[in-house]
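Spelled out, the chains give:
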Amino acid sequence: MVFCYMINITKINCCDGVFFSNFLDDNKKLSPCRAIPSYPTYHLSKETMEALRLPTFDAWQWEPSEMLSCLEHMYHDLGLVRDFNINPITLKRWLLCIQDNYRNNPYHNFRHCFCVTQMMYSMICLCSLQEKFTQMDILALMTAAVCHDLDHPGFNNMYQINARTEMALRYNDISPLENHHCAVAFQIFSRPDCNIFFNFDPEAFKQIRQETITLILATDMARHSEILKTFKQKVDNFDYTNKEHVACLKMVLIKCCDISNEVRPMEVAEPWVDCLLEEYFMQSDREKAEGLPVAPFMDREKVTKSTAQTGFIKFVLLPMFETVMKLFPQIEEVMVQPLRESRDRYEELKQIDDAMKEKKKSENLTMDGEK
């Protein structure tokens, strides 16, 4: 029987056992974890392969083993397995190892990883990015999407910093989660049987490593304004031969995919809001218990679904997607318009929520007056 082991937030499970990153405390207690099973090969139908290329894809309908097969298909379909001489068995092992190193958080879990990667695949297809980017760019975008939240503990950077966790101390309070995701990703790649870059020469590996790290670090929302501002300065005179322009666009693309749930149909998007709020409330409850600062948007006593989404769509999602639309007008109908509709829907819900609050407040005042 094969065992893997869990070590605080720093275990790396892999297909045939376990290895530990070199920054871990070897004295920490180990506890047994399940072995990783093989996943069956699914022959995707033509309808499924076409659906995977669309932002409307519904990941809630798929089991983890099926999502693994879909991810495998994307790497083959984009020509990445062929062009980079990736061993198909290594690709399978790598994806299994990726799955097992996402935690069972309400939101930051393997299904989220899949959704972000599927949206990246969709944008590559929709925007014909293979005609504009190198295959190395495409490989970096897809791989960063797969790895971008590896071993996420379910508590954000502000918690890590305020609680002075081991992770925050290790990375000097600078994007601790994103740095950790990168470290876990490349610990996995350090295994020959999980290294899809095995056939890269040293210079090519250095390039893909740097590009993947840059993209994962760009998903830190603390850098959102900085990255979007830089992109806005370039977009009107965008030059695909300019490396800085392309690097900035790639960062914006992974940011779009990372927070793209509201692009999807309402019945697909809304459950993700519930999952995110559940994770937020778990964090804020812990922060209150530990006497740490609590962000209002994470406090179950202050936030509602409508208030959370209205502001996020209006001030974060739409400005970013509408800027990307300047380069790729084709995303308006399938991505930007659904965002506008979602904004309108949540604004209506917010008005209803506000009216109910006022009514309840008025009733309470009346009852107090009668006393």
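Residues numbered from 1 in each chain as written. Predicted model: local features only at pLDDT ≥ 70, side-chain atom pairs only at ≥ 80, totals over all residues. Heavy atoms only, no water.

In the nomenclature of an unreviewed UniProt entry, the protein corresponds to High affinity cGMP-specific 3',5'-cyclic phosphodiesterase 9A from the organism Oreochromis aureus. According to the UniProt record, the Sequence similarities (unreviewed entry) comment for the protein is "Belongs to the cyclic nucleotide phosphodiesterase family. PDE9 subfamily." Quoted verbatim from the Pathway (unreviewed entry) field of UniProt, the annotation for the protein is "Purine metabolism; 3',5'-cyclic GMP degradation; GMP from 3',5'-cyclic GMP: step 1/1." (UniProt positions renumbered as here; feature names shortened; annotations may be inferred.)

Draft legend 1. Layout of the UniProt feature "binding site: Zn(2+) 1" (unreviewed entry) in the protein. Under the UniProt annotation, the feature "binding site: Zn(2+) 1" (unreviewed entry) is placed at His 112, His 148, Asp 149 and Asp 258. With the annotated positions falling across 147 residues, the maximum pairwise C-alpha distance of 10.0 Å places them together in a single cluster. Among the structural elements, His 148 can be located in the loop between α6 (135–147) and α7 (157–162). Among residues more than four places away in sequence, those in contact with His 148 are Tyr 102, His 112, Cys 113, Val 116, His 181, Ile 216 and Asp 258. Within the local environment of His 148, its side chain forms a polar contact with the side chain of His 112, the two groups lying 3.1 Å apart. With respect to the helices and strands, the residue Asp 258 is situated in helix α12 (residues 243–258). (Helix = DSSP H or I, 4+ residues; strand = E, 2+ residues; numbered from the N terminus. Contact = heavy atoms within 4.5 Å. Polar contact = N/O pair within 3.5 Å; in protein donor to acceptor, adjacent residues only side chain to side chain.)

Draft legend 2. Quick peek at the pattern of salt bridges. Within this structure, the stated rule accounts for 20 salt bridges. Close ionic contact of Arg 223 with Glu 226 constitutes a salt bridge, the shortest N to O distance being 3.2 Å. On the basis of relative accessibility, which here comes to 23%, the residue Arg 223 falls in the partly exposed class. Between Arg 343 and Asp 344 there is a salt bridge; the shortest N-O distance is 3.1 Å. (Salt bridge = Lys/Arg side-chain N within 4 Å of Asp/Glu carboxyl O. Buried < 20%, exposed > 50% of the residue type's maximum accessible area, 1.4 Å probe, protein only.)

Draft legend 3. Inspection of the environment of His 180 at higher detail. Along the polypeptide, His 180 turns up in helix α9 (residues 176–189). For His 180, a relative accessible area of 0% corresponds to the buried category. Taking the C-alpha atoms as reference points, His 180 and Leu 150, 30 residues apart in sequence, are found 7.9 Å from one another.

Draft legend 4. Summary view of unusual backbone geometry. The backbone phi angle of Arg 164 is positive, close to 55°, even though this residue is not glycine. Tracing the backbone through its elements, the reader meets Arg 164 in the loop between α7 and α8 (166–170). Phi at Asn 172 is positive, roughly 55°, even though this residue is not glycine. Mapped onto the fold, Asn 172 is located in the loop between α8 and α9. Here Asn 172 falls in the exposed class, since its relative accessible area comes to 60%.

Draft legend 5. How the structure looks around the packing of α6 against α12. Remark: α6 packs on α12, axes separated minimally by 11 Å, with the N-to-C direction vectors making an angle of 30°. The angle between α6 and α12 places the two elements in the roughly parallel class. Crossing handedness for the pair α6 and α12: right-handed. Residues Asp 137, Leu 141, Ala 144 and Ala 145 of α6 lie in contact with α12, whose contacting residues are Val 246, Lys 250, Leu 253 and Ile 254. Residue composition of the contact of α6 with α12, grouped by class: 6 nonpolar, no polar and 2 charged. (Axes fitted to C-alpha atoms, helices over the stretch in contact; angles between N-to-C directions. Parallel < 35°, antiparallel > 145°, perpendicular 65-115°, else oblique. Left-handed = near helix turned anticlockwise from the far one by under 90°. Nonpolar A, V, L, I, M, F, W, Y, C, P; charged D, E, K, R; others polar.)

Draft legend 6. Spotlight on the UniProt feature "active site" (unreviewed entry) in the protein. Sites flagged by UniProt as "active site" (unreviewed entry) map to His 108. In this fold, His 108 is placed in the loop between α4 (88–100) and α5 (110–126). Owing to a relative accessible area of 15%, His 108 belongs among the buried residues under this scheme.

Draft legend 7. A look at the side chain of Glu 178. Following the sequence through the fold, Glu 178 ends up in helix α9. Leaving out residues up to four positions away in the same chain, Glu 178 has contacts with Asn 157, Ile 216, Leu 217, Thr 219 and Asp 220.

Draft legend 8. Structural context of the nonpolar core. Counting 103 residues, the largest nonpolar core has Tyr 75, Trp 94, Met 142 and Phe 321 as its most contacted members. For this core, the element with the most residues is α5, which contributes 11 residues. Among residues more than four places away in sequence, those in contact with Met 142 are Met 74, Tyr 75, Leu 78, Leu 80, Thr 117, Met 120, Tyr 121 and Ile 124. (Core = buried A, V, L, I, M, F, W, Y, C linked by side-chain atoms within 4.5 Å.)

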